[in-house]
Every structure is written in structure tokens, then in C-alpha cells.
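# What the coordinates show
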Amino acid sequence: MAQPSPTHATAATPRHIAIIMDGNGRWARQRARPRTFGHAEGVEALRRTVEAAGELGVGYLTVFGFSTENWRRPVEEVNALFDLLRLYVVRDLDRLAREGVRVRVIGDRANLQKDILEIIDRAESRTRANDKLNLTIAFNYGGQDEIARAARRAAEEVKAGKIVPEDITAQSFARYLDTAELPPPDLLVRTSGESRLSNFMLWQAAYAELVFVDRLWPDFDKNALQAAIEVYGRRERRYGGSDPAS
Ligand code: IPE
Ligand code: IPE
Ligand code: MG
């Protein structure tokens with residue numbers, strides 16, 4: 001078996017990086033190709049980035065693959081994005097499992113097709129014991145939807161008499177979110193030059209450092225990830241406190 005590659009986590013390495021993988025459509029348009037071509041190339045960028053994150057010693061990588069608003073796209077494009085999830089998870093699962101990657105999927109599963117649900121279950125159960133890199137794919141995910149579903153769960157527990165309303169605090173509420181098992185992201189990267197969250201990790205990103213990268217997602221690679229980590233390393237995180245030097 002291949003030796004695991006050395007990891008290079010330093011004090012400035014974010015424990016959790018979240019990425020809004022944006023710009024596939026524009027990348028394809030620049031080449032006069034259909035948007036789905038850009039999405040397929042985006043999967044290659046995802047493969048590179050997962051590998052790079054492992055090599056750089058990042059513990060948690062969360063990627064935005066399909067938003068609750070992406071249903072507004074033409075049905076052919078939506079189908080292509082679902083096909084790519086199928087393809088990525090099915091094709092890469094063996095390798096991810098072997099390399100110590102734990103796969104999770106967050107987002108609303110209520111209306112997903114049965115075969116997608118099975119693929120997700122298989123990936124999660126197969127990699128449950130892994131802990132080298134925690135890869136979380138946000139699929140049919142929206143931050144507002146996630147918070148609303150969490151509120152519903154908390155309300156159900158109140159109704160069932162398991163908790164009282166006063167038990168709900170910013171701290172305790174986090175356990176109802178899809179990300180209950182994950183630390184909050186330290187660094188949130190969005191590619192393609194857009195500077196917005198588009199409903200990604202609204203709760204969790206409260207104190208994430210936001211880095212907006214001009215490159216389109218299919219062109220993203222290890223160097224680009226390292227560059228974002230360097231920008232992160234120069235930031236000063238205060239969490240609402242004050243700078244003792246000022
Ligand atoms: C990101 O690329 C992939 C998804 C949203 C699923 P886009 O498809 O949004 O590409 P642009 O932003 O139109 O270039
Ligand atoms: C966010 O990108 C969703 C994903 C990357 C999966 P969009 O391309 O859908 O966001 P907007 O529409 O530009 O805000
Ligand atoms: Mg986009």
C-alpha cells in the first residue's frame with residue numbers, strides 16, 4: 001500500500017476550510033462549451049482540492065455542491081449536477097475510504113431520489129471510522145433551510161417534553177444543525193470573483209475569515225488553496241474582543 005503523504009499543518013493552517021465552488025458555467029462559456037462541461041471539469045478541481053487539503057494537513061473540508069436555490073436552473077443542468085454527485089461519490093469512494101477520508105453530506109434529504117440517498121448512506125457508513133480528512137459535501141443545502149429544519153427539530157423536542165424553550169441557546173442550538181459534528185469553518189473561500197455567501201453556512205460562518213478568489217472553480221488547484229491559506233494566515237481573528245496592542 002502507498003505510504004500516506006506527509007501532512008504539513010502549521011499554526012496558520014485552518015482546521016476547517018469551506019469552499020463555495022463557483023464559476024463552472026463561466027469557465028465553460030469562455031471555451032464556447034455547454035455549462036455541464038464546466039461542471040464536469042469542476043469535479044476534477046474538487047479531486048485536486050481534496051488531495052491538496054489532505055497534503056496540507058487540513059482536518060475539515062466542506063464544499064458547496066448544490067444549493068436549495070440551484071433548482072431554479074434548467075432541468076438538464078440540475079440533472080447533470082446530480083449525475084456528477086453520483087459519479088464522484090461512486091467512482092472515488094474506494095480511494096477516499098483507503099486514504100482515510102471521512103465523507104459526510106449535509107443539506108435537505110427530504111426530496112432526494114432514492115438512489116442518491118443510497119449513495120450518500122453508503123459513502124457515510126463506509127468511511128465512518130476515518131479521520132485523516134473530514135470531507136463534507138453540501139448538497140441540496142441552504143443555510144436558511146438548515147436553520148429552519150434545526151428549529152423544527154428543537155420545537156419537536158419541546159413538544160415531546162424532552163427540553164424546555166429556555167434550553168435553546170446559541171450554543172445548544174448548534175447540535176440541531178446538519179453540521180453538529182463539525183467545528184465551525186475558520187476559512188471560507190469563494191472562487192470566481194463573486195463576493196457573497198449565496199446561503200452557504202450562514203450560522204457556522206459567523207467568525208470565518210472570508211477569502212474571495214478571482215479564479216474560476218475548474219482552474220482551482222493546490223497553489224490556489226495554499227494562497228488562500230496564506231491570506232488567512234495574515235488575518236487577525238478577534239471574535240469580538242479587542243486587539244491588546246491598540
Ligand atoms: C458553480 O458554478 C457550480 C454550481 C453552482 C453547482 P456555476 O454553475 O454557478 O458557474 P457560474 O457561476 O454560472 O459561472
Ligand atoms: C452557489 O453558487 C452554489 C454553489 C456553488 C453550489 P451560485 O452560482 O448558485 O450562486 P449565485 O446564484 O451566483 O449567488
Ligand atoms: Mg455561480
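In the block above lies the structure referred to throughout.
This section reports on the structure supplied with the text. Note that the coordinates shown come from a computational prediction; the quantities given were computed from them, not determined experimentally.

Counting its secondary structure elements, the protein contains 7 helices and 6 strands. Taken against the 2.2 N^0.38 rule, which gives 18 Å for 246 residues, the C-alpha radius of gyration of the protein at 19 Å falls within 12% of a compact globule. Structurally, the protein occupies a C-alpha span of about 55 × 55 × 40 Å along its principal axes. Out of the 246 residues in the protein, the part that is buried amounts to 48%. Within the protein, residue pairs in contact and separated by at least 24 positions form 78% of the contacts whose partners lie at least 6 positions apart. As displayed, the protein offers around 12,900 Å² of accessible surface, 50% of which is attributable to carbon and sulfur atoms. Of the side-chain charges in the protein, 36 are positive and 35 negative, and the distance between the mean point of each set is 2 Å.

To continue, consider the packing of aromatic side chains. Using the criterion set out here, one finds 13 aromatic pairs in the structure. Both rings, one in W71 and one in F82, keep their centres 5.4 Å apart while their planes meet at 45°; by these two values the pair is tilted. Highlighted residues: W71 in the loop between β2 (60-67) and α3 (75-98) and F82 in helix α3, separated in sequence by 11 residues. One aromatic cluster is present, built from ring pairs that chain together F66, W71, F82 and F139. Taking NZ or CZ as reference, R31 lies 3.8 Å from the ring centre of W27, over its face. The ring of F37 has R33 sitting right over it, with the charged end atom 3.8 Å from the ring centre.

This part takes up the pairing of strand β5 (residues 187-190). By the alternation rule, side chains of β5 split into L187 and V189 and L188 and R190, which are all buried. In this structure, strand β1 (residues 16-20) lies alongside β5, joined through 4 bridges in parallel fashion. When the sheet's bridge partners are listed, I20 is paired in β5 with R190. As paired elements, β5 and strand β6 (residues 209-212) share 4 bridges and run parallel to each other. If you follow V189 over to β6, its bridge partner there is V211.

A word on the site of ligand 2. For ligand 2, the full set of nearby residues is I20, M21, D22, F64, G65, F66, N70, R73, R190, R196 and S198. Between an oxygen atom of ligand 2 and a side-chain N or O atom of S198, the distance comes to 2.6 Å. Surface burial for ligand 2 is 78%, taken as the share of its 380 Å² of free accessible area covered by protein chains. When residues in the shell around ligand 2 are grouped by element, the largest group, 3 residues, is from β2. Tallied by class, the residues present in the shell around ligand 2 amount to 4 nonpolar, 3 polar and 4 charged.

Further remarks concern the layout of surface pockets. Volume-wise, the largest pocket comes out at about 680 Å³. Taken together, 32 residues line the largest pocket, and the ones lying closest to its centre are M21, N24, F64, G65 and N70. For the lining of the largest pocket, the secondary-structure elements that each account for two or more residues are α1 (24-30), α2 (35-56), β2, α3 and β4 (133-141). For the lining of the largest pocket, the residue count by class is 14 nonpolar, 9 polar and 9 charged.

Analysis parameters
Residues numbered from 1 in each chain as written. Chains lettered and ligands numbered in written order. Predicted model: local features only at pLDDT ≥ 70, side-chain atom pairs only at ≥ 80, totals over all residues. Heavy atoms only, no water. Helix = DSSP H or I, 4+ residues; strand = E, 2+ residues; numbered from the N terminus. Rg over C-alpha atoms; globule rule 2.2 N^0.38 Å. Buried < 20%, exposed > 50% of the residue type's maximum accessible area, 1.4 Å probe, protein only. Contact = heavy atoms within 4.5 Å. Areas by Shrake-Rupley, 256 points an atom, 1.4 Å probe, with all protein chains shown as cover. Lys, Arg positive; Asp, Glu negative; His and termini not counted. Charge placed at Lys NZ, Arg CZ, Asp CG, Glu CD. Phe/Tyr/Trp six-rings, centres within 6.5 Å; stacked < 30°, edge-to-face > 60°. Lys NZ or Arg CZ within 6 Å of the ring centre and 35° of its normal. Pairing = 2+ DSSP bridges. Near = heavy atom within 4 Å. Polar contact = N/O pair within 3.5 Å; in protein donor to acceptor, adjacent residues only side chain to side chain. Nonpolar A, V, L, I, M, F, W, Y, C, P; charged D, E, K, R; others polar. 1 Å grid on protein atoms, 1.4 Å probe; cavity = no way out; pocket = protein on both sides within 12 Å on 5 of 7 lines; lining within 4 Å. Points joined across faces, edges and corners; volume = space filled by probe spheres on them.

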